[in-house]
Each structure stands twice: as structure tokens, then as C-alpha cells.
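What follows is the residue order along each chain.
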Amino acid sequence: MSERNVVGRRVRKVDGVKLVTGKTAFTDDIELPGLLIGKILGSPHAHARIRRIDTRRAKALHGVHAVLTYKDVPRVPHTTAGQAWPEPSPYDTYMLDSKVRFVGDRVAAVAAETRAIAEEALRRIDVDYEILPAVLDMEHAMDPGVAVIHDEPDSTHILDPKRNLAGDIHKELGSVAEGFKQADLILEREYRTPRQQHAMIEPHIVICWLDADDRLIIRTSTQIPFHVRRQVAMILQIPVSRIRVIKPRIGGGFGGKQEMVIEDICAALALATRRPVKIEYTRAEEFHMARTRHPQRLRLKMGVTKDGTMVAHHMKVLAATGAYGSHATTVQGNTGSKVLPLYRAPNLKFDCDIVYLNAPQAGAFRGYGCPQGFFAQESLVDEIAHELKMDPIEFRLKNAIRQGDTDLLSAELGEGKKGLPRIIRSCGLPECLSKGAAAIGWKEKRDAPRGTGRLRRGVGVACTMQGSGIAGVDFAGAFLKINEDGSFNLHVGATDLGTGSDTVLAQIAAETLGVSLDKILIYSSDTDFTPFDVGAYASSTTIISGGAVKKAAEKTRDQVCCFAAKMLEAAPEELTCKDDRVFGPSGKSVTMSEVAMFAFYREKTQLMEGASHFNTDSPPPFCATFAEVEVDTETGQVRVPHLVTAVDLGVAINPMQAEGQVEGAVAQGLGYTLAEELVLDGQGRVANANFCDYKIFGAKDMPKLTTILVETEEPLGPYGAKSIAEVPINGVAPAVANAVFNAIGIRFRKLPIRPDAVLAALHAQGAK
Amino acid sequence: MFDRIRAFHRPTSVAQALRLFEAERRRGGRGRWVAGGTDLVVQRERTLRWLVDLTCLPLGYVRRVRGGWAIGATTHMAEIEHSKTLLALANGILAEAAGTCGSRQIRNMATIGGNLANASPACDLAPPLLALDASVVIAGRGGRRTVPLDRFFRGVNRTALNGGLLVEIRVPAPPKGKAAWSYQKLGRLQSDIAVVNASAGVVLDERGFCTRARIALGAVAPTPLRARRAEALLEGRRLDGAAIDAAADQAAAEAKPVTDVRGTAEYRRAMCRVLVSRALEECARRVGRSL
Amino acid sequence: MSDLIVHVTVNGEARRWRVEPGDLLLDVLRREGLWGVKRGCETGECGACAVLLDGEPINSCLMFAAQADGRELLTIEGVADGEKLHPVQEAFLDHGAVQCGYCTPAMVLCAKELLERSPKPTEAEVREALSGVLCRCTGYKKPVEAILAAAAAAPKTRGKTARRRRAAR
């Protein structure tokens, strides 16, 4: 690796000072004269038809400027999922409808001069509901005679609405039936994973207004500004050119903002009132009316030969998408396509049904189907290794995909259509395993006697992978222009949701141009000024947006060299850009600023270049997660004193930011494993819609975290980078569950692993 | 949120506070006392028309009085947590319990009076105060009355206040002799509302026999409660492992837990047993008894 | 229009607010342009709204604006000295403790208060100081490291004794 000046450095975030001093940066940090507050009336019922809705009393309230119902807005079937067009999710959602399909579903929307007036207006909307039976049980949603959630005629791309089946996936590689015949050991197990909430600290928030040209401006906390623009245009039936979406700093997203959650209704209110309108979800609304992780039931059947070779693996998934199908087939597709191929079994089968329920809507969430799948697969792999009396690490290494392999399952399971085969050009999994094992003290701790005390310790491991961008689908644009002082404006559509992508992309540009980081002025995610980018999801920003930035920077550098060549009287190929200067073969140099001035004022040219980028492959980052747990056998509580994550991310453009991504993902993974679950009552209402009842890990709950970055130089990524944003969450649940087995000899196959379940299992074990 | 509030009073004396409360009550509409706001604001009663703020009253104190200690009702949880006086009282169980309440920010706002008057079944200060035979002093139109804490809690979020103002908490001096106290709290995570909380106190004579026992439980019934039958099992008996087991079993039987998002009823009952056991074991250790 | 006036010192400046009786401190602070104070849950759980009241961290979403009368408030806007960042702020930047930045103001304020009270805290004390600020981005590791680093780099001074809360004005 040649010497790098900016890439690979632990540089401060380019927006760091602004954030650490609390400067105006977020969506709500703006004063707009005439701002109205928008609020959505959420359904009190899980499933109902609106027989009659009377808004007269609400409209008559002083200070109310608009009240919208399904009668007032266009009826355009769409999906709220932030995906490239044509979206693979069903078009089953309406801005406002005459039917409600979950507690919290939109009934009406108001815009008023104050929050208090808006809330009072909601109370004055008279609604007569015809309550319908609610479908709340995933396992019976398709039964004959069960109420049909999507009985409307105009929704499209729902696989079988009459059976509440949003979609299904059935793919096989080889023949598992044949494969099982060769197996010496076959295990079949069932796993269950819960609804998890993103719980980002900044709720969903959007402000819409009409500018002086009567264009609709949408200032929103989103991961997908360009998709939002397209979706709002379609839903409100106005041209894309009449909309501008601006993304300020975002207070977290994690996939919950890879969704057009409230932009459409806010825009409709702004158009109806011709005033700026702000909608900000309360925390309770976040829990009811945003998105969740898809809950799944996974049934796995795995066959191995007695020497530990995996020969067949059949994964059957039943998932609930909630009331609407955003990301329904793609999240679950990932459960198959990113999970199964981690091991080189020649026979793989994935069957999945995704059903509707009258429950809060599921959507994208960090890991995107992988946390569910890997919890199941890595738990079962651990169990099989144990049965074979094989070391769990050795078993995984024996079967894991390797550099040079081709993952054919990805070709079968694309984003709603046939995908592309995945070639593994970089794989650091063996190094992740060995470094991680050393860091946790694997050998000593596995060999240590279990003891019979109240507190029992154990260690567990899990291997996981993800992708880096969606092959053949995700793309990004980047644009650079030079300024007189040798600085460059870098415009990217890429969306920084706190991940630090602005910094990482600026680093890539700076490295390529041979300038210092402070010479790159990055501006991102403004649909009027920045080129297109699909948005921040699928771990795509570093590799795809970074790829575009690198291309644009290379083209810009070439242009710089053309001008500098004239100034230095040399050939462009002989020049090197370094240290904010361009060096000629003789050692003479000009500064980047001098090049800019020359280009502007001598050559009358704005030095500027743009580029787009996409990949036809999605190189996986690999991750080994090691957990040490301590089980209190009196209370059933599981504590995690130490968690090690060793991740092959290709190359760390900014190691400090990369570590931060790992540590944040692990915290969410721990919550998923031990504490977080969105609980619904018998009427489909969220029972724990606040941070008191839905607990996320706090500073005192976190284990000691060890983060190990393994670099493998991926050819498809800028400077060898792959991705890191999602993969570290995937292995936490199985590593912890496997560690619990190591500690007390009991397998937990349902998340979260609650103390009462642990206690009950310990008692049952003791009773035997 | 509280857009219907017409008046926010900040009296500087208890007498003035009572007068204002009564005057607003007569004017009409629903109103409340407010101190730290950590329960009231969360409860979001948008029909509230008036509030009487207690934070300007001279009720933030911890002082020695004849026969014990007095804690002013608007003393913050943070002050109780760090009070040297309370750290030295009864093995510091009051300070310890206050320190488990919410977060640092919450403890800087929440008051002992508010914590008790809110009467959450999981109220963290109730078990140690019950174990210490505390009582509350209520000021009202007819003067002041003292109510033992175990008669103060009437139901979920219901107390014997009857519109009066809780002004002071009285903790009698524990009996002389070998005494020890313990506080235990179980939450799902480190900072949580109790799944179960418990407090125990024992007084032993020279032979190691228990002359007085107190066992108080929280989050396992509509109100915090004394497990009196469990206490009776210990009194007159040597404090040993068998006694602790019996008392813990009995205390668990006296609990009336429900299932909620924090835990099932069965789990809570089991944890009653565990926490009482741990509390009594800690008492034994503190008093120097090996079991 | 209410005639309730609140006199408060914010970041060293005397301010005079006209508020409604039911106004909450968080809403008034943001209305007055102090946008560094964040709204996250409005139930005192996430701590994003934390400010220092007479030097002690509190959740501004749970306090009535009227209760701030006569008090001193410090928000994130008052932490840096002009362009000179506070050592905690510098440490947060150097250690990658800022990701989305939404909880950062609250963390910085709680850390500042901790280091004034306890200049060389243990890791447990740092975590306790942060226990009332929920972060979904960092896993808390780098914020804790940053605060410990800021403490280690600071010259040795005696910590202020724990402030006793004033019982009444």
C-alpha cells in the first residue's frame, strides 16, 4: 500500500465543530415566519373502515388552516420504501385512505398555528369507524376466513391480497433433498425474532414550504432525499422539477429514515395552506407510526457430514411486514441471500412468506434481514459443532466462503428480481476469527471449568457478513469544482445521517486530488445542487458514493494536470498532485491555487468534473463477533462483560469513524438480544411506546468493547474499502446466545433473551 | 401540552401555598401541586388549569430532630443520595435507594415528596422508608397531621393526601443494638423502573436472635407494602439461613404482582424471594453474622 | 397574552422572557433561539434536552419555564469560549465521540459538570454522569474515552465540592 495522506487517517469529522458546539444544523433548527404545525390523526383501531368522517368542527377552530382527509387528496397507490425505481415493494399505501390498517394509521391531518391548536383540532375530528376483525397473529394471517387487510382494488404487486400475503420467495441452489441424504447429522430448529425499534434520538421531522418561485421545498430528516422527491412528486401529482429536497444534519436513522414517512402529508398541508408546515413526530408517534424491524419465525434444517462439512441447509422464514409492505420482500430476501451463502454448502434452499398484519409497519433497519437470519444460522451452526464435538471456530472456518469463491445464491435472490452472482475478491474472515478469539481470551475461557456458583460465565462466537451496496441497482453521482484558493467544492447526493460520510467522501476526494482535507468543501443531499444518489442504505455510501467521488476526483485531477502542464511546460502524464501542489518532473511545482487562477483568468475555464458510479457486485464485509456473558442463575439476568468485534471492512477510510460504526451497531445488537421488543397488546396497540418501557442500552449497560479492523483491500472499492455500517450488528445475538449456552448449557432461540425465560429454563433444567 | 394552564403560583411559605391551592380549587378546574415535575409533566394531563409550585418553599432539608430525622418534602433525590446524614443512617439505604432513581438529571429535579405523593407501586424510596417505620407529615386546612407511611399509600397513584400538602418525612431513630439494613432493586437494565424493589431491616439481640424485622416490597402490588407475615416469621428467631429462606418464601407469597412490559407476575414473585433473601443476607453480613 | 415574566441568566447573559404559565423550559429555550437544546422524547428519558441549572444537569423538557426564574442556565451554546472550544469538546472531536451529534450537547454539558466536580473521574463515574443521556449512534465508548482523555490532559486542580442544591431562593 503506497503512502496515503488523508485516507486511512483518524481525522476529525468535517462537521464536527458545528455539532459539538450545538450550532444550528438539524431540521428543526430554523425559524420560518408563518410556520404552521402539522399533526396526523392516528387510528385508535387496528383494522377499521372509516364510515364517516366529519371535519367541520376541526376546521371551525380558530387557528386551524387545513384539515385533510382521504376526500381531499389524490389517491395514488405507492410504497413508502426508499428504494430505487421501480421499487420492489408493493404499491399498497395511500396518503390518506378510507380504511385504517393498524393502530396509528393515518386518518386525517391538520395544520394549525400552534401545536396545542393542532392537537385540539385532531380531537374535534369526528370519525365513525366500522371496526373490523384485527389480524395480529403472523402464524394465522393466511388462514381461510381471516379478514383481508388489503381488499382495495387499486393496490398492485401484492402477491395474494386475499390471503394477506404481501410476497414470497422460493429459491434453491442444488437440491437440499439430495443433500440431506448425504448428511450424517441433521438438525432442525425454530427461531423467533421480535420487532425492534430504531429509537433514533431525533424523531422523524419535516418542514415543507413554497419558495418565491412556488416550488415545494422539503427540508427533512431523511436517508433518501432523491427517492423522497420522486415519491412526493408521484403522490401529489406534481412534476419532480417543482420539488427540492434538502437534508440538513440528521439525528440518527438506522434505516428508519430510509422511508418516506411523513414528507408527503406535510407537503400536502403546505400546498393546502400555502404556508410553511412542520410535522415532528412525538416519541409516542415514533413507536406507533414509524417503522420497525420485521419480526420473523425461522425454521432451519441443516445437514452435515460427520467430518463437519455442511452439505445442505434449508431455511424457511415467516415474516410479518405489518400493515403495509415496504421492504417486505427485500429485507426477507436478504435473510436468505446474505446469510445462507456464508457457508459453502452446495445445496441451499430458501422459502419465505411475508404476511400482512394489522400491526405497526415494518421497514428497513440496520442489517436488513441479516440480524434475524444470522441469529438463527449462527445458533444452529454452534449447536451442530457442539454435537460433532468440533471447535466452533474450526467448524466455521471449514465451511465458510473464501476469497475466490462465487456466491451463486445472490444471483437467485436479487432485489425483487434476479440478482447478480457475487465473487468474493476479498475475505478477511479467518483473520477476524483469530484476532477476535485472541482478544476475548477464547481458548482460556472455553477451557475454564464452568463452576456451580450463582454467576456462570461463558463465551460464544458468531460469523457474519453483509453486502456493500446493491449490485446493479445502487448508483451515485459526484461533482467537483475548483475555487481560486485551490479549494474544491464537492457536491454529492450521498446522505450523511451521522455516519460521517461527508468526512469519508471528502477524505477520498482529498487523497485523490493530492490536497489537504480542509481544501474539500463538501455539500451533500440537496436535490437541486447535488447529483443523484440512491441514499444511505445497504452499506453503499463508502463504496458507491465513494466510487463516484474517486472517479470525479480523478477526472478533476486530470484536468488540473492539463492546466498545470501548460504552466510547467511539461506533459500532463509527467505531473503529480501532492501537498496542495502539482509537481513537474524537474521538481518545479505550482500550487493548486495558482492552477485555479490560471484556469479562471487565463484560460477562462471553470475547472470542474462530475462522474457517476455503480457496481455489478456487492463485496461482503466479514465479521467475527465474540461475546463473554455472565448469567445470574438466581435472577436469570444475562450480563455481557466483554464483546469483541473483528471486521474485515476492506480498508478503513477513517478508522475512527469506522470503529464508531461498529460500537454503535453493537449497542443496538445488544438491545436486540437482551432488552428490546416492541410489545403489542391484544388490540394491536403498542404497549411500550416510550423510553421508560422500551429500554435501549445506556452508558452503564454497555460491556467493554474491543473493535478490531481487518484490512483486505477490496478491488471494487475506492482505496480498497468495502463497508462497515451494518455488519457489526449481525453477530451480536448469536454470539451472546452461544455464550449463554457455553455458560449454562441452555439454548435460547427466541429474542430478546429475557430474564424470566432464562430463569424458567434454568428451573426446568434443574428439575430434570 | 399544558396550554390550558391559567396560573402557575410560586408560594414561599406552606401557609401561602395552602391558601393559593384552596383559592384555585374554588375558582374551578383541575389543578395540582408540582415540584420537580418528573412525574407530573410525563403524565401530560392536558386538562390541568392551574399549578402550585413547591420549589420555593423552605422544604429542602435533612435534619436531626428529637427522636429521629426529618426530611423536607422538596428535598431532591440527589441531595438524599449524597447526604452525609442519610448515608450514615441505617446503612445508607435511603441514600442508596435515591441513587437508583432515574438518571442524574432526574435526581436533580425529583423530590422525595413528589416520589411518595405520586405513589407509583415501584416508588424507589418507599421500601426503605417502610422498613424504617417512616411517617409523613401532611399540612392542610385543619393544621398538620402525621400518617404512618404504610397507611399513606392507598392504591396505584392514590394516597391519603386528600388535597393536603406533604411537607415532611419523619424517620424515627432505629432501635439501639445490633441492627442492619439493606436495599435491593432489580431492573431490566441499569437505569430502570423497578421490576421488584425491596428493603429489609433487622435488629438482633446478643444471642443473634431477631428482636425486630422489617421487610418491605415494591412493584409487586398496587402499593409498596410491608411483608408482615414474613417479618413475624423472623422475630424471635435466630437469623440464619433457614430463617432467611422461610422469610423470603413468605414474603414472596405476600406479594400480589402483575404482568407488564417489565416482567411477568411469576417472575416478579420469584424475584421477590431472591431480593428479600439477598436483603436479609446483606443485613446478616452487615451485622457481622455468618450464616 | 400572559403577563408571566421570567428573569433568567442564560450562558452568562441576563434574559427576560414572557411565558405562558404552562410553558416548558425546553420549548422556551428553543423558541429563544437556543437550538442546541434538543427535543428527543419529552418524558425525561433520553436526556437530549439536558441543560445545566445552577451548575446541575436537569432535563429541560420536564421543567416549567416559570421554575427557572432567578436561576442560571448553561446550554451548549455557552460552553465554548468564543472560538476556543472547551477541552471536552476538543476531546470529543479528537476521539470520534460525535456521530450524528444530536445527543452531543447533552453529553458535553454532563461531562463538563462532572469534570468540575470530579477532575479525575473513574470510568464508572463517567458512565454514571452519562447515564441520563441516551445515544443510539456511538455505543458510548468513544464519548467515555473522550471524557477520560480530557480529564487526564487537564492540569491537576481540586474539584469543587459537590454543590448543595438550594432548598429555596
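How each quantity is defined
Residues numbered from 1 in each chain as written. Chains lettered and ligands numbered in written order. Predicted model: local features only at pLDDT ≥ 70, side-chain atom pairs only at ≥ 80, totals over all residues. Heavy atoms only, no water. Domains from an automatic or database assignment. Contact = heavy atoms within 4.5 Å. Buried area = accessible area lost by both parts, 1.4 Å probe. Salt bridge = Lys/Arg side-chain N within 4 Å of Asp/Glu carboxyl O. Helix = DSSP H or I, 4+ residues; strand = E, 2+ residues; numbered from the N terminus. Nonpolar A, V, L, I, M, F, W, Y, C, P; charged D, E, K, R; others polar. Patch = residues over 30% accessible without salt bridge, like charges linked within 9 Å, V, L, I, M, F, W, Y side chains within 5 Å. Areas by Shrake-Rupley, 256 points an atom, 1.4 Å probe, with all protein chains shown as cover. Lys, Arg positive; Asp, Glu negative; His and termini not counted. Charge placed at Lys NZ, Arg CZ, Asp CG, Glu CD. Buried < 20%, exposed > 50% of the residue type's maximum accessible area, 1.4 Å probe, protein only. Pairing = 2+ DSSP bridges. Axes fitted to C-alpha atoms, helices over the stretch in contact; angles between N-to-C directions. Polar contact = N/O pair within 3.5 Å; in protein donor to acceptor, adjacent residues only side chain to side chain.

## Description of the domain arrangement of chain A
Domain annotation of chain A identifies domain 1 (16-24 + 471-614), domain 2 (36-132 + 198-289), domain 3 (133-187 + 297-365) and domain 4 (427-468 + 619-768). For domain 1 of chain A versus domain 3 of chain A, the distance between C-alpha centres works out to 44 Å.

## A look at the interface of chain B and chain A
On the side of chain A, 24 residues touch chain B, which itself brings 20 residues to the contact. For the chain B face of the interface with chain A, the top three residues by lost area are Leu189, Val261 and Tyr267 of chain B, together amounting to 31%. At the boundary of chain B and chain A, one finds three salt bridges. As a salt-bridge pair, Arg278 of chain B and Glu634 of chain A come within 2.8 Å of each other at their nearest N and O atoms. Here the side of chain B that touches chain A takes five residues from helix H11 (residues 265-287) of chain B, the largest share from any one element. Residues of the side of chain B that touches chain A, tallied by class, amount to nine nonpolar, five polar and six charged.

## Structural notes on a positive patch on the surface
Residues and elements named next belong to chain B. A contiguous patch of positive charge on the surface is contributed by Arg145, Arg151, Arg154 and Arg158. In this fold, Arg151 is placed in the loop between strand S7 (143-148) and strand S8 (153-155). By relative accessible area, which is 54% here, Arg151 ends up exposed.

## Here's the deal with the sheet that holds strand S2 (residues 13-19) of chain C
Residue and element names in this part refer to chain C. Taken in spatial order, the five strands of this open sheet run S2-S1-S5-S3-S4, and their pairing is mixed. For this open sheet the edge positions go to S2 and strand S4 (56-59), each flanked by a neighbour on one side alone. The sheet shows a mean angle of 40 degrees between the axes of neighbouring strands, taken without regard to direction. Summarising the sheet, strand S1 (residues 4-10) and strand S5 (residues 72-74) pair through two bridges and their orientation is parallel. Bridging from a neighbouring strand, Val10 pairs with Leu73 of S5. The strands touched by helix H3 (residues 104-117) are strand S3 (50-53), S4 and S5; relative to S3, the strand with the most contacts, the crossing angle is about 35 degrees.

## Describing the domain arrangement of chain B
Residue and element names in this part refer to chain B. When its domains are assigned, chain B resolves into domain 1 (2-53), domain 2 (62-172) and domain 3 (178-286). Computed over C-alpha atoms, the centres of domain 2 and domain 3 are 20 Å apart. With 24 residues of domain 2 at the contact, the number on the domain 3 side is 26 residues. For the pair domain 2 and domain 3, the summed buried area comes to about 1,900 Å², and 57% of that belongs to carbon and sulfur atoms.

## A look at the pattern of salt bridges
Considering all chains together, one arrives at 108 salt bridges over all chains under this definition. In this structure, the salt-bridge partner of Arg192 of chain A is Glu139 of chain A, at a minimum N-O distance of 2.5 Å. One end of the pair, Arg192 of chain A, is in strand S8 (residues 185-193); the other, Glu139 of chain A, is in the loop between strand S6 (126-131) and strand S7 (165-173), and 53 residues separate them in sequence. For Arg192 of chain A, a relative accessible area of 25% gives the class partly exposed. Between Arg214 of chain B and Asp133 of chain B there is a salt bridge, and its shortest N-O distance comes to 2.9 Å. Pair noted here: Arg214 of chain B is in strand S13 (residues 210-218) and Asp133 of chain B is in the loop between helix H8 (126-131) and strand S6 (135-140), with a separation of 81 residues, a long-range link. Relative accessible area serves as the criterion here: at 24%, Asp133 of chain B is assigned to the partly exposed category.

## What to know about the interface of chain A and chain C
Residue-level contacts link 56 residues of chain A with 42 residues of chain C. Summed over both partners, the interface of chain A with chain C buries about 3,900 Å², with 56% contributed by carbon and sulfur atoms. Among the residues chain A hides against chain C, the three largest losses belong to Arg12, Val20 and Ile201 of chain A. Together they make up 18% of the total. On the surface where chain A and chain C come into contact, there are twelve salt bridges. Summed over the shared surface of chain A and chain C, the number is 20 residue pairs in polar contact (both at pLDDT 80 or more).

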